[in-house]
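Here are the chains, one letter per residue:
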Amino acid sequence: MKKIVFFLLACCVTIYTYAQEITVKGKITDKNGDPLIGAIVKIKGSSGGASTDANGQFTISAPPNSLLTISYIGFAQKDVQVSNANFNNLNVILTEERLDLDEVVVVGYGTQKKATLTGAVSSISSEELNTTKTSNVQNMMTGKLPGVRVVQKTSEPGDFSNEFDIRGFGSPLVVVDGVPRGTLTRIDPNEIESISVLKDASAAVYGVRAANGVVLITTKKGQSGKPRITYSNYIGFQKAIGLPKPIGAIDRYTLFNERSMHSVDGPTLTYDDDDFAPFLNGTRTSTDWYGEVMNSTAPQSQHNLSLSGASKDQSIDYYMNAGYASQEGYWKSGSLKYDRYNFRTNVNAKITERISASIKLNGIVEDKMNPIVPSWEIFRMLWRAQPNEPYYANDNPDYLYKPTFLHPGAYTQKELSGYAKDKNSWIQSQLSLDYKVPFIEGLLARGMFSYDTRFNDNLNYRKEFDVYDYNAASGDYVPSSNNGPDQVRRSYGNTPSTLLQLSLNYDKTFRGVHNVKGLLLYERTKNSGDNFYASRVLGIPLPYLFAGISRDQVANSDINGIFTNATAALVGRVNYDYKGKYLAEFSFRNDASSRFPEIKREGFFPGVSLGWRISEEGFIKNSPALSFINNLKLRASYGQVGDDSAVAYQFISGYDYPYINGSNSGLPGGHVFDGDFINSIGFRVTPNPNITWYTSDTKNIGLDAEFWGGKFGLTFDAFRRSRSGLLATRLVTVPGIFGNPLPQENLNSDETNGMELALTHRNTLGNFGYTVSGNVALTRTKIIFQERNRDGNSYSNWRNNSTNRYNDIWFGYGYVGQYQDFNQIANYDVFTGRATLPGDYIYEDWNGDGVFDEMDIHPIATSINANSTAAAGADARRNIPLMTFGMNLGLDYKGFDLNLLFQGGALSYVSYGEQLRQPLAFDGNALDFFLDRWHPVDPKADPYNPATEWVSGYNAYTGTVINELAERSIQNGAYIRLKSAELGYSLPKSILSKAGVQSLRVFANAYNLFTITGVKGLDPEHPAEVYGYLYPLSQTFNFGASLTF
Amino acid sequence: MSTGKNTTHTLLNINVMNKRIKLITFVLMLAGLNACNKLDIPPINIIQDEAVFTDAGMQAYMASLYSRMPIEDFKYSGSENDGFNTWNQIWLPMLNTGENANRNQGGFLNPARGYWDSGYQVIRNANYLIENLPNYVNTLTQAKVDRWISEARFIRAFTYFALAKRYGGVPITDQVLPYENGNLEPLQIPRSSEEETYDFILSDLDYAIANMPEASEQSGRVNSNVAAAFKSRVALFAGSKARYGVPYVVNGVMLTGIPPEKANEYFTQAFQAAKSIEGKYSLYKKTWSGTDKIATADNYANLFLDQSSPETIFFKAYHFPDAVHSFDAVYSPPHMTSTYGDRFNPTLDYVELFDGLPKNSKGQLQTTNADGTYIVYDFVEQLFENCEPRLRGTVLLPGQPFKGLHTDIRRGTLIESVDPAVPIQKFVAEGLTASYGSNPFYSANVRQAGTWNSQTPIELSTGQKINPTGLDGPTSANNATVTGFHGRKYLNPNLEASVTRLHESSQTWIEIRYAEVLLNRAEAALELAQNGVSSVDGVSMQTDAYTCINEIRERAGATLLTLPEDLSSGAPLEPGTGVGSYVLAPTRGLQLVRIERRKELAFEHKLWWDMLRWRTADLEVNSRTWRKCNPFLFAKGAVPEAPDYIRGKYIFDCRFDERNSRFTIPTIAYYEPIPADEIASNPNLEQNDQY
């Protein structure tokens, strides 16, 4: 019955439309058959149109045989001929196409179409960001943005200390939703809509804080259409990479004996057979300190619930998110754990035709549980702990053994030694109002106010514990107390900051060809900090102040954390383009900072950039042969920015009271008179009434190209940043008898040059789509002037004068090889000394004077820490690559998607100290790679006897410590690694829709899956600082799903 | 989830809302502009002269100066911070002098730490006070102003002396130096001669002596007697430099060294300053006994710990928890501390200086019979039973009770099958560096351990167990003591081992005590007596030196000199010919004075400087290997009485340090190099000889 009625109706309609128009029905889907909601269907040559509904279906009245144009953002536009055969069932499959041109990019105080962008701005979207899964957004950016350099120092839960910079410039300004905020590391990655990086004069609108570039984070807003509820999660585990293992007791005794036999004046054996015997015959076993203290893996997880939607009339849209991330450490005791909660609400409301408002509220709460000592100290303990010493005295679990150094087990257990709990929370709020000014079309007035604050709430609970010497002869357990007395320290601080922005925005096109945009903005910020702490020695070991006794109780504030500073700025910008072909942007910022004396307070920072879209010129546009060129743009920019991070109040004389740099175990902050401790004053540095920010000139030229409908894209940039007025202390040129430290002055200058290249290729072959993109960046800084003394002689000048020299020159000794036998030692043409043995390192007599000495030092590597004041030592050795690269490979096929990110660095060198440089440092233990060494076949043989037979190895005989400045101990830190790999499967919508589910994707993800590097035994990113003891990097494996209703 | 209804509702109120929002925006704008209109934000913790030059402010100012005085105390070490204010006392000049040894240093330790800038900072801050305080007479009083200025001049003198000890003549400034518009000229002051430097220091001290009262206003601050006592030290140095120094003249300025003809003048000043405080202080003798050696030893040890000692002249106090040191934790014997415990090991060479020990003709400890076999002792303390009490008060000897425990010092144990009655030949001949392992008897019969706290015990036939090695070493791996002794001076005997921890000690450091003043006086007097000045102010120099030395010896429980003439001007003992003969001196009398100084002032950071001013360091410590004394226990008949005390028969083997560490002090070390930066920034600054 129904069918008949339908048939009749259809006939009627057909007849009717034959006369005028017919009703065309159809469905628009992507290549997977998933409906495209909101696709636009237009009749060519007419104004009529329709859009698809939630099922991708549309209905439109059109003349018969008309041509329909179907478009959808992110997909190639398609024309379809309506015919008798298809008018009722017009199913169209659109193919994805991403033309970068169409993208809108967030720039300083606004957005801009990528096509008309004239600055060096890179950006990534939420999807690109989330292919890597870690708890730190910085690590998720690694390798994805050309010129953004990320070196992960540690995988310690809750430790976000990365080397993160743009173009090697230094720590960038991070702006979240228009407000400078330091929480890039803690943002829930799911909340991020896009990240833009301003690398050149495009940052000039941020003036005095933008010398190192700007990272702009934009958070999500509500999506139009049906409300979406998305739950996503992943659960995974971490596994340490590049973690060297300490050796066992027999090996340690052997190395120790080697070291004492390594004495030309009297070789002795430190440990005799009696000492070896119990380990050889099994009455005692080596202590596996790692095994006692650490798990081989540690869990991590993340959960998110988000809501996104808009009112039907689009006047209100909302995005809400709640996230929870958790990461545990390797310590068996569970004393290292990180939990984070993220909450966000972003609501935009169009209140009237002219007024709209936006409110963004963000809350982050993090909880970090730490052992009472930092993790790096525990690794130091673990590497130093002697395997011949037991974990428990007399293996009795009631008595921890008292090791020669410190007991790593005790320090990882919070029940024994206490813990440190850091609870930080951030509240970030902002309200903005937009007002479309009447009578002037295109003028928008905006006011924005934000109030952010961070609360630090820390508890340090130290517990005294005993370790024991077991006197096997008497059977006594002799206690030694460690870590005492029981003490609790609470500290609390907050750092509120406010920001007010008032702006006028203008955007209008005149006569269809002159596109003009303007911005005038006034900004005020105020930042302050306050804190206090209290500590008490405990009567009863409870982690609360009330459990304390009056002896040694302290209540105080950290003066460094009490401050107020303010800035005021006026920003202006004009963008002009002619037909999108000739592009220009001018900007300025007038900044004033309370950090500087009144006369030096204000600064003016201009920026200009120009672009020429060659592809818009007729000779390309109209040439069929060049029709493959979608975009070809040349651009250049110049701008001035500054940095106001000088130590505050250096223009004021007087005294600090109290002297805050005292330490009770070093120079105390006072003296004892009449038995009382009297606080001392601090003598201030000589004031510098002229102190101000340094300025930085940035120049950039770039080329953007896109060919074959987005199949191939290229971006190239070359830049130069010249800084002058860098702060330096004239310490070295003023004689010490002046008797007072000097203030910082704006003295030094440098220049950073570099370039970036990014290539993309996207294609779809049937159901199979893939993306390949790669980027490489190079940066290097040259010192133009460095305040220093004149040298006494030309050698010293050559060796030490860094003016006009790269700042990363690593001076050291050349390395020739290892002596193979005594014959070679005896006949070597450089004096070797009577203690030399086969296997010893031969350093290069670089100047050929027949002696190996300090004069043979010459440049051998790069990547010394540019900011280091030491020529050697852990602070100087930083494996920060001058070249970084990344390659991303994305594949999708019938619901499966695979994303591989290769990432690496080159031109980086590293040298490790202390226990990573030599075995048995501090008479502790040795790491496994030191066993590969030269040593006599007979461990008791005199190594200085020429008849002694040797076994060769990578390292010299124990006791010969490699010169830390020798090429041999400086390792090339270049590496390439599969940074992240993600395999996902999206279930077909046809199945899901029956269950009311919009989408469901399951995935497996890995981080740091494999690494190719020449660095021995350690991860190439593992830093040499803190003696190389930092908590290791990890490999992680995650499994998760994302479900949208 | 739809908000459509709300929106509609809102739209109905467009007009009202519109007005409100305009108003709100306007108010916000105004509020914003006004609220943040201040960029002049004053600092929170910076104060000015007006607040500082007051009674309370001066306490803070002087606390800064006193705390920065270059006092070589518990926090003096060669590791960092110009050598001052570090907790970790590993590398000390006393390792070069043979007072002390430890496993961390196996050769000459260059103590040059470039102390310069921080010294001149103290000098500037003292100069600022001296220049500006007179303007605040009204807020303070004339008397207070005078007193503070005198103290500042004392501190300035003390600081210049620290520089002069290290560099010889240094640039002298007694005013706040200007640095304006990058003009470096006023700062490029050349070095004064060493003589001028000492004269400047002495003039500051004379001012302080004349203008300060005799009593300190607060304990811990200086007074005129402190200044006089310190002057005796400074003048003695100047006199020694004049007599023994090697002049080094550049551009007519004697940068180091003082013309020899000045020697007697300085020695006279030293004598007079020392003599001037006679009767104001006295040697500590609270529990001294003429008969009880243990009481006399404890008396000596207590003088360093008793806050009310009449011997203390100037001190630096500590205060837990604001200002602490770690001397007990780092320097106690290993089983008497919770950490470290291997740093304070007096050498046998040092121990042999003391009276009351069996010694051979070389002056060395005699522990073997004439036939080269070991003398067997019935218990471990027996060898040192009759020693001079001061030794026991300075050093922890094997088996000595301390902290309620006993020092447990034993290199190894002879297995039970070895009968003490059967003579044992010395393991390694005297003067050899060979290891014990090279002796087959030793290898077969002695049990030893590489670490003191992880030993495999020997089971006796009685079923009892004993450790092969003592809990305080010496071990075969040279852990714990490397000499067979531990130090006692300044250690707190009441601090339980388990709570002997880092950063918790607060003993007072005695920078100047009366014994030193007596020794300064004796040395100055004898220098004068032997160089043509037989009396000063009517006092016989020879007799005065004799009296002072005997006063020290009496308190020490040592053998007294019998006659003033014992301090003879005859030739000294040649090295290797008697007790203390390695201590070099031009005459026998001065040799005795110098030995006395070593015994009395060891571990007080004084002897290194003494050896420099006597100019004997390079000759005395020339490819020198310090000696040690290793006790060995016979397992046969041994009875454990406590975990750290085993009663049994012992032999003692005296030998060279088993690390074979050789020490040589080069002549270049008599003065430190002026820091290179200073030479570079001041073209008028000349470098020291040999650098």
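Residues numbered from 1 in each chain as written. Chains lettered and ligands numbered in written order. Predicted model: local features only at pLDDT ≥ 70, side-chain atom pairs only at ≥ 80, totals over all residues. Heavy atoms only, no water.

## Thoughts on the overall build of chain A
Line of reasoning, step 1. When helices and strands are tallied, chain A shows 13 helices and 56 strands.
Line of reasoning, step 2. Compactness check: chain A gives a C-alpha radius of gyration of 34 Å against a globular reference of 31 Å for 1045 residues, within 12% of the reference.
Line of reasoning, step 3. By principal-axis analysis of the C-alpha atoms, chain A measures approximately 115 × 70 × 70 Å.
Line of reasoning, step 4. Sorting the 1045 residues of chain A into buried and exposed places 55% on the buried side.
Line of reasoning, step 5. Sequence separation of 24 or more characterises 69% of the internal contacts of chain A that already satisfy a separation of 6 or more.
Line of reasoning, step 6. Of the accessible surface of chain A, which amounts to about 42,700 Å², a share of 56% is contributed by carbon and sulfur atoms. (Helix = DSSP H or I, 4+ residues; strand = E, 2+ residues; numbered from the N terminus. Rg over C-alpha atoms; globule rule 2.2 N^0.38 Å. Buried < 20%, exposed > 50% of the residue type's maximum accessible area, 1.4 Å probe, protein only. Contact = heavy atoms within 4.5 Å. Areas by Shrake-Rupley, 256 points an atom, 1.4 Å probe, with all protein chains shown as cover.)

## Things to note about helix H4 (residues 55–67) of chain B
Residue pairs three or four apart in sequence face the same way in an α-helix, which turns once every 3.6 residues.
Residues and elements named next belong to chain B.
Line of reasoning, step 1. The end-to-end C-alpha separation of H4 is 18 Å, in line with the 18 Å expected for 13 residues at 1.5 Å each.
Line of reasoning, step 2. Of all 13 residues in H4, eleven are buried, a share of seventy percent or more.
Line of reasoning, step 3. Taken together, the buried positions of H4 are occupied by Gly57, Met58, Gln59, Ala60, Tyr61, Met62, Ala63, Ser64, Leu65, Tyr66 and Ser67. (Expected span 1.5 Å × (residues − 1).)

## A few points about the state of the cysteines
All names here are of chain B.
Line of reasoning, step 1. Overall, the coordinates contain zero disulfides over all chains when judged by the stated rule.
Line of reasoning, step 2. With no disulfide of its own, Cys387 has Cys629 as its nearest cysteine by sulfur position, at a separation of 13 Å.
Line of reasoning, step 3. Assessed through its relative accessible area of 2%, Cys387 is described here as buried.
Line of reasoning, step 4. With no disulfide of its own, Cys654 lies closest to Cys629 among cysteine sulfurs, the gap being 4.1 Å. (Disulfide = S-S within 2.5 Å.)

## Observations regarding the environment of Asn807(A)
Line of reasoning, step 1. Inspection of the secondary structure puts Asn807(A) in the loop between strand E42 (805–806) and strand E43 (810–812).
Line of reasoning, step 2. The spatial distance from the C-alpha of Asn807(A) to the C-alpha of Asp704(A) is 31 Å, given a sequence separation of 103 residues.

## What about the side chain of Arg805(A)?
All names here are of chain A.
Line of reasoning, step 1. Assignment of secondary structure puts Arg805 in strand E42.
Line of reasoning, step 2. Here the side chain of Arg805 touches Trp798 through a polar contact of 2.6 Å, landing on its backbone oxygen.
Line of reasoning, step 3. Leave out the neighbours within four places in its chain, and Arg805 touches Lys782, Ile783, Asn797, Trp798, Arg799, Asn800 and Phe811. (Polar contact = N/O pair within 3.5 Å; in protein donor to acceptor, adjacent residues only side chain to side chain.)

## A closer look at the sheet that holds strand E18 (residues 627–634) of chain B
Residues and elements named next belong to chain B.
Line of reasoning, step 1. In space, the four strands of this open sheet follow the order E11-E10-E18-E21, with mixed pairing throughout. Whereas interior strands pair on both sides, the edge strands pair on one side only; in this sheet they are strand E11 (446–447) and strand E21 (650–656).
Line of reasoning, step 2. In the sheet, strand E10 (residues 412–414) pairs with E18 via three bridges, with the strands oriented parallel. Opposite Leu414, over in E18, you have Phe634 as the bridge partner. (Pairing = 2+ DSSP bridges.)

## Considering the interface of chain A and chain B
Size of an interface: often given as the accessible area lost when the parts come together.
Line of reasoning, step 1. Listed by partner, the interface residues are 100 residues for chain A and 111 residues for chain B.
Line of reasoning, step 2. Carbon and sulfur atoms make up 59% of the area that chain A and chain B hide from each other, which totals about 9,000 Å².
Line of reasoning, step 3. Broken down residue by residue, the surface that chain A buries against chain B is led by Tyr655(A), Phe673(A) and Ile737(A), which jointly contribute 9%.
Line of reasoning, step 4. Measuring nitrogen to oxygen at the nearest pair gives 2.8 Å for the salt bridge that ties Asp40(B) to Arg601(A).
Line of reasoning, step 5. Linking chain A to chain B there are 26 residue pairs in polar contact (both at pLDDT 80 or more).
Line of reasoning, step 6. Split into classes, the residues belonging to the side of chain A that touches chain B amount to 44 nonpolar, 33 polar and 23 charged.
Line of reasoning, step 7. Bridge analysis of strand E34 (residues 655–656) of chain A against strand E1 (residues 46–47) of chain B gives two bridges, and the strand direction is antiparallel. Along E1(B), the bridge assignment pairs Asp656(A) with Ile46(B). (Buried area = accessible area lost by both parts, 1.4 Å probe. Salt bridge = Lys/Arg side-chain N within 4 Å of Asp/Glu carboxyl O. Nonpolar A, V, L, I, M, F, W, Y, C, P; charged D, E, K, R; others polar.)

## Describing the packing of aromatic side chains
Line of reasoning, step 1. According to the stated counting rule, one finds 100 aromatic pairs over all chains in the structure shown.
Line of reasoning, step 2. Ring geometry for Tyr813(A) against Tyr843(A): centres 6.4 Å apart, planes inclined by 40°, an arrangement best described as tilted. Placement of the pair is Tyr813(A) in the loop between E43 and strand E44 (815–818) and Tyr843(A) in strand E45 (residues 841–843), with a sequence separation of 30 residues.
Line of reasoning, step 3. Accessibility expressed as a relative area gives 13% for Tyr843(A), which makes it buried.
Line of reasoning, step 4. Ring centres of Trp950(A) and Tyr957(A) lie 5.3 Å apart, and the angle between their planes is 85°; this geometry places the pair in the edge-to-face category.
Line of reasoning, step 5. On the accessibility criterion, Tyr957(A) (1% relative accessible area) is buried.
Line of reasoning, step 6. Site record: aromatic cluster; members linked through ring pairs are Phe74(B), Tyr300(B), Phe304(B), Tyr318(B), Phe327(B), Tyr331(B), Phe344(B), Tyr350(B), Phe354(B), Tyr490(B), Trp509(B) and Phe603(B).
Line of reasoning, step 7. For Arg259(A), the ring lying beneath its charged end belongs to Phe256(A), and the centroid distance is 4.8 Å.
Line of reasoning, step 8. For Arg624(B), the ring lying beneath its charged end belongs to Tyr582(B), and the centroid distance is 4.5 Å. (Phe/Tyr/Trp six-rings, centres within 6.5 Å; stacked < 30°, edge-to-face > 60°. Lys NZ or Arg CZ within 6 Å of the ring centre and 35° of its normal.)

## Section: the side chain of Arg613(B)
Residues and elements named next belong to chain B.
Line of reasoning, step 1. Summarising the element assignment, Arg613 is placed in helix H19 (residues 607–613).
Line of reasoning, step 2. The class for Arg613 is buried, based on a relative accessible area of 1%.
Line of reasoning, step 3. Reaching out from Arg613, the side chain makes a polar contact with the side chain of Asp610 at a distance of 3.0 Å.

## Let's talk about the pattern of salt bridges
Residues and elements named next belong to chain B.
Line of reasoning, step 1. Tallying each qualifying case throughout the model produces 94 salt bridges over all chains.
Line of reasoning, step 2. Taking the shortest distance from any N to any O, the salt bridge between Asp408 and Arg410 comes out at 3.1 Å.
Line of reasoning, step 3. For Asp408, a relative accessible area of 3% corresponds to the buried category.
Line of reasoning, step 4. Residue classification places Arg410 among the buried residues on the basis of a relative accessible area of 0%.

## Quick notes on the sheet that holds strand E15 (residues 192–198) of chain A
Line of reasoning, step 1. With mixed pairing, the five strands of this open sheet are ordered in space as E10-E15-E16-E13-E14 (chain A). Each edge of the sheet is formed by a strand with only one pairing partner; in this case those strands are strand E10 (121–125) and strand E14 (179–180) of chain A.

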